Amino acid sequence: MEQVAVLINPVAGGGRALPIGRQGVDLLRAAGLQVRELVGRDTADSLALSREAVALGMEAIYACGGDGIVHQAIQAVAQTDTALGVIPCGSGNDFARTVGVPLGDPAAAIAHSLTGSRLVDLGRVDVGQVGLGGVQQTWFGTVLASGFDSKVNDRVNRTRWPKGRLRYNLSIVAELAAFKPLPFRIEIDGVTTELEAMLVAIGNGSCYGGGMRICPTADITDGLLDVTVISRMSRSKLMRLFPSVYPGRHVLRPEVLTFQARSITTMAPAVNAYADGEYIAALPITCVAVQGALRVLGALPTDA
């Protein structure tokens, strides 16, 4: 590589991303690379800067921040010759975790990125219909969530206080108090199932929410998406289930159904979908596995 860009989300990590990103710029320049520093004012600006970097022929874009800035960079670099590097300093860092980027050490993340590159899969979300306003396509690298977890995200986005992780935890408690199973219709590679479920998660990677292994066997190189469905259960049982999601043991419960597929369509009334922690669209949506859609910098972990 000779020319790369570093895309920084200045508010990620409680404001730590800007100095960490500039440290990354210095480290890459010390490694002999020509580096453009890009600071996104907001989501739209970050996406525009990423697309401009691809158009200028940057060989790689380093996303500095959390999964949100990675998500924006992926929209620009998917199925192009521009690779993606990650300098993780957000609250979740699930994509970095999935592709084996060291966490908590920008110098280690940069060193890792210079060891080579590899193609990995992406999930593609298709919303809409051909001839009826067109199909909107969005890429995701980790997990698409709908159901209880997306309802929690809805509540987080409506809430201004408190800040940080506490807001998310309080939103879980508040949503749980009134949550009822949702009537899902799921089409998996052409086979349709209707059931009441607490949530449906579609994983290109295994984890979301800062290391929760909701799709524990997802392989980012196998050309398939993993689907985890938590079927109808009591609210108290759902709350007791959550700690087992971090190690991925929840899939051993009889109420938890798992599938693999190349294409999944999910439908449920008044339910939104979030991928990589970002709002995507209201259901129904279709997710498709696209093998080798992204070149990522650094060697993958052996269990990726």
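Nothing here was measured: the structure is a model prediction, and the numbers come from that model.

**A short note on the overall build of the protein**
A tally of regular secondary structure across the protein gives 8 helices and 15 strands. A compact globule built from 304 residues would reach a C-alpha radius of gyration of about 19 Å, and the protein, at 19 Å, matches this within 12%. By principal-axis analysis of the C-alpha atoms, the protein measures approximately 55 × 45 × 40 Å. Looking at the protein residue by residue over its 304 residues, the buried ones come to 54%. Per element, the accessible surface of the protein, about 13100 Å² overall, is 52% carbon and sulfur. Both charge centroids of the protein, one from 27 positive and one from 27 negative side chains, sit 9 Å from each other.

**Structural notes on the packing of aromatic side chains**
Aromatic rings considered in pairs are described by the distance between their centres and by the relative angle of their planes. Within this structure, the stated rule accounts for 3 aromatic pairs. On the basis of an interplanar angle of 80 degrees and a centroid distance of 5.1 Å, the ring pair of phenylalanine 148 and phenylalanine 179 is categorised as edge-to-face. Here the residue phenylalanine 148 occupies a position in helix 6 (residues 148-158), and phenylalanine 179 occupies one in the loop between helix 7 (165-178) and strand 8 (182-188), the gap between them amounting to 31 residues. For the pair phenylalanine 148 and phenylalanine 179, one class covers both residues: buried. Summarising the aromatic geometry, the rings of tyrosine 274 and tyrosine 279 are spaced 5.7 Å apart at their centres and angled 75 degrees between planes, so their arrangement reads as edge-to-face. Since its relative accessible area comes to 46%, tyrosine 279 is described here as partly exposed. Through a chain of ring-to-ring contacts, three or more aromatic side chains come together here, namely Phe148, Phe179 and Phe242.

**Thoughts on the environment of isoleucine 280**
Looking at the element boundaries, isoleucine 280 is found in strand 14 (residues 278-282). Sequence separation between isoleucine 280 and arginine 167 is 113 residues; the distance between their C-alpha atoms is 21 Å. Excluding residues that lie within four positions of it along the chain, isoleucine 280 makes contacts with His71, Val125, Gln136, Thr138, Ala273, Tyr274 and Ala275.

**Observations regarding helix 3 (residues 67-77)**
The element helix 3 is extensively covered by neighbouring structure, given that 10 of its 11 residues are classed as buried. Those residues of helix 3 that sit buried are Asp67, Ile69, Val70, His71, Gln72, Ala73, Ile74, Gln75, Ala76 and Val77.

**Section: the nonpolar core**
In terms of nonpolar packing, the biggest core is built from 50 residues, with Leu144, Phe184, Leu238 and Ile285 touching the most fellow members. Ranked by residues supplied to this core, first place goes to strand 9 (residues 191-203) with 7 residues. Excluding its chain neighbours within four sequence positions, the residues that come into contact with phenylalanine 184 are Ser146, Gly147, Thr193, Glu194, Leu195, Ala197, Val200, Met267, Ala268 and Leu283. Grouped together as the second largest cluster of nonpolar side chains are 30 residues, Leu7, Val70, Val86 and Val290 included.

**Points about the side chain of threonine 286**
With respect to the helices and strands, threonine 286 occurs in strand 15 (residues 285-297). Of the polar contacts made by the side chain of threonine 286, one reaches the side chain of threonine 265; its length is 2.8 Å. Contacts of threonine 286, omitting those with residues within four sequence positions, involve Arg124, Val125, Asp126, Ser263, Ile264 and Thr265.

**Some remarks on the pairing of strand 10 (residues 225-231)**
Counting buried positions over the 7 residues of strand 10 gives 7, a clear majority of the element. Residue alternation in strand 10 divides its side chains into two sets, Leu225, Val227, Val229 and Ser231 and Asp226, Thr228 and Ile230, and both sets are buried. Bridging between strand 9 and strand 10 involves 6 bridges; their strand directions are antiparallel. Directly across from alanine 201, in strand 10, lies its bridge partner threonine 228. Bridge count for strand 10 against strand 11 (residues 256-261) is 6 bridges, and the pairing is antiparallel. Within the sheet, the bridge partner assigned to valine 227 lies in strand 11 and is phenylalanine 259.

**Digging into unusual backbone geometry**
Look at the link from leucine 283 to proline 284: it is a cis peptide, with omega at 10 degrees. Position of proline 284 among the secondary structure elements: in the loop between strand 14 and strand 15. The phi dihedral of glutamine 79 falls on the positive side, at around 55 degrees, and the residue is not glycine. Along the chain, glutamine 79 turns up in the loop between helix 3 and strand 4 (83-88). Residue class for glutamine 79 comes out exposed when judged on its relative accessible area of 53%. At asparagine 93, a residue that is not glycine, the phi angle is positive and equals roughly 55 degrees. Among the structural elements, asparagine 93 can be located in the loop between strand 4 and helix 4 (94-98).

**Quick notes on the pairing of strand 14**
Bridge analysis of strand 13 (residues 272-275) against strand 14 gives 4 bridges, and the strand direction is antiparallel. Following the sheet pairing, asparagine 272 is matched in strand 14 by alanine 282. Adjacent in sequence and paired antiparallel, strand 13 and strand 14 are bridged by 2 residues, among which aspartate 276 carries a positive phi angle near 55 degrees.

Cut-offs and rules
- Residues numbered from 1 in each chain as written.
- Predicted model: local features only at pLDDT ≥ 70, side-chain atom pairs only at ≥ 80, totals over all residues.
- Heavy atoms only, no water.
- Helix = DSSP H or I, 4+ residues; strand = E, 2+ residues; numbered from the N terminus.
- Rg over C-alpha atoms; globule rule 2.2 N^0.38 Å.
- Buried < 20%, exposed > 50% of the residue type's maximum accessible area, 1.4 Å probe, protein only.
- Areas by Shrake-Rupley, 256 points an atom, 1.4 Å probe, with all protein chains shown as cover.
- Lys, Arg positive; Asp, Glu negative; His and termini not counted.
- Charge placed at Lys NZ, Arg CZ, Asp CG, Glu CD.
- Phe/Tyr/Trp six-rings, centres within 6.5 Å; stacked < 30°, edge-to-face > 60°.
- Contact = heavy atoms within 4.5 Å.
- Core = buried A, V, L, I, M, F, W, Y, C linked by side-chain atoms within 4.5 Å.
- Polar contact = N/O pair within 3.5 Å; in protein donor to acceptor, adjacent residues only side chain to side chain.
- Pairing = 2+ DSSP bridges.

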